[in-house]
Amino acid sequence: LKEKPKLGLKFNRSLFKSSKEAFSFICYSDSDYAGDLVTCRSRSGHAIFSCNSLIYWRSRLQPTISLSSTAAEITSLSDLCRELVWITNISSQIGFSQELIPVYEDNRPAITIAYRTNLTQRTRHIRIRDLWVRELVNTNLCRIYYCSTYKNIADFFTKILNARVFKVFAEAITGYSNARHIPPQ
């Protein structure tokens, strides 16, 4: 920051064709599995964008130890969905109702669990969080899409990144990248 004193958050509404498109939310969710070396807890990270600019982010250690990387990802998705419900309620109160919100996740088994209707022996330990995320998907608040780890901006909040990836994500998060936040599906 010392080298870039004018760096801040930019709102890039001009990248969009309409106000409705500009104020739509785009979300990213990620976690590292047992990344804390002392407690073996996973770190959740998520980001919510509007106008191609970051409006909400969070990075925190999960309250319990996850038994699998998929369970850690479901916990992160659940945390993001709670915040998404809160933010969509606020945005609708000020006149910006949200349609189906895309959530990008880099763990295919977590996405599968969010859409599956039956439980297996291997996934029953994540039942409550699983059902919470699934309920929001079924009520059409959000749709979860796969996004590669290299394009998942929430990675910025969960892991140590190399300098090149850090720079790309930092520019995307601050709004200084002219690329829109819609990774290929």
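Residues numbered from 1 in each chain as written. Predicted model: local features only at pLDDT ≥ 70, side-chain atom pairs only at ≥ 80, totals over all residues. Heavy atoms only, no water.

**Student:** Describe the pairing of strand β3 (residues 53-61), naming the residues involved and giving the relevant values.
**Tutor:** Two strands pair when backbone bridges link them, and strand β2 (residues 43-50) and β3 are joined in this way by eight bridges, in the antiparallel orientation. When the sheet's bridge partners are listed, Arg-43 is paired in β3 with Leu-61. (Pairing = 2+ DSSP bridges. Helix = DSSP H or I, 4+ residues; strand = E, 2+ residues; numbered from the N terminus.)

**Student:** Which residues make up helix α3 (residues 108-115), and what are the values?
**Tutor:** By the burial criterion, the buried members of α3 are Ala-110, Ile-111, Ile-113 and Ala-114. Each buried residue of α3 lies within a common arc of 160° when the element is viewed along its axis, so the set occupies one face. Between a side-chain oxygen at the N-terminus of α3 and the backbone nitrogen of Ala-110 the separation is 2.9 Å; the capping residue is Asn-107. (Buried < 20%, exposed > 50% of the residue type's maximum accessible area, 1.4 Å probe, protein only. Arc of directions from axis to C-beta. Polar contact = N/O pair within 3.5 Å; in protein donor to acceptor, adjacent residues only side chain to side chain.)

**Student:** Outline the sheet that holds strand β5 (residues 142-146), listing residues and values.
**Tutor:** The five strands lie next to each other as β3-β2-β1-β4-β5, forming an open sheet whose pairing is mixed. Strands with a single pairing partner mark the edges of an open sheet, and in this sheet they are β3 and β5. Between one strand axis and the next, the sheet turns by 20° as a mean value, whatever way the strands run. Looking at chain direction, strand β4 (residues 101-105) and β5 are connected through five bridges and run parallel. Directly across from Pro-102, in β5, lies its bridge partner Arg-143. Lying on the sheet, helix α2 (residues 69-93) is in contact with β1 (26-32), β2, β3, β4 and β5; it crosses β1 at an angle near 150°. (Axes fitted to C-alpha atoms, helices over the stretch in contact; angles between N-to-C directions. Contact = heavy atoms within 4.5 Å.)

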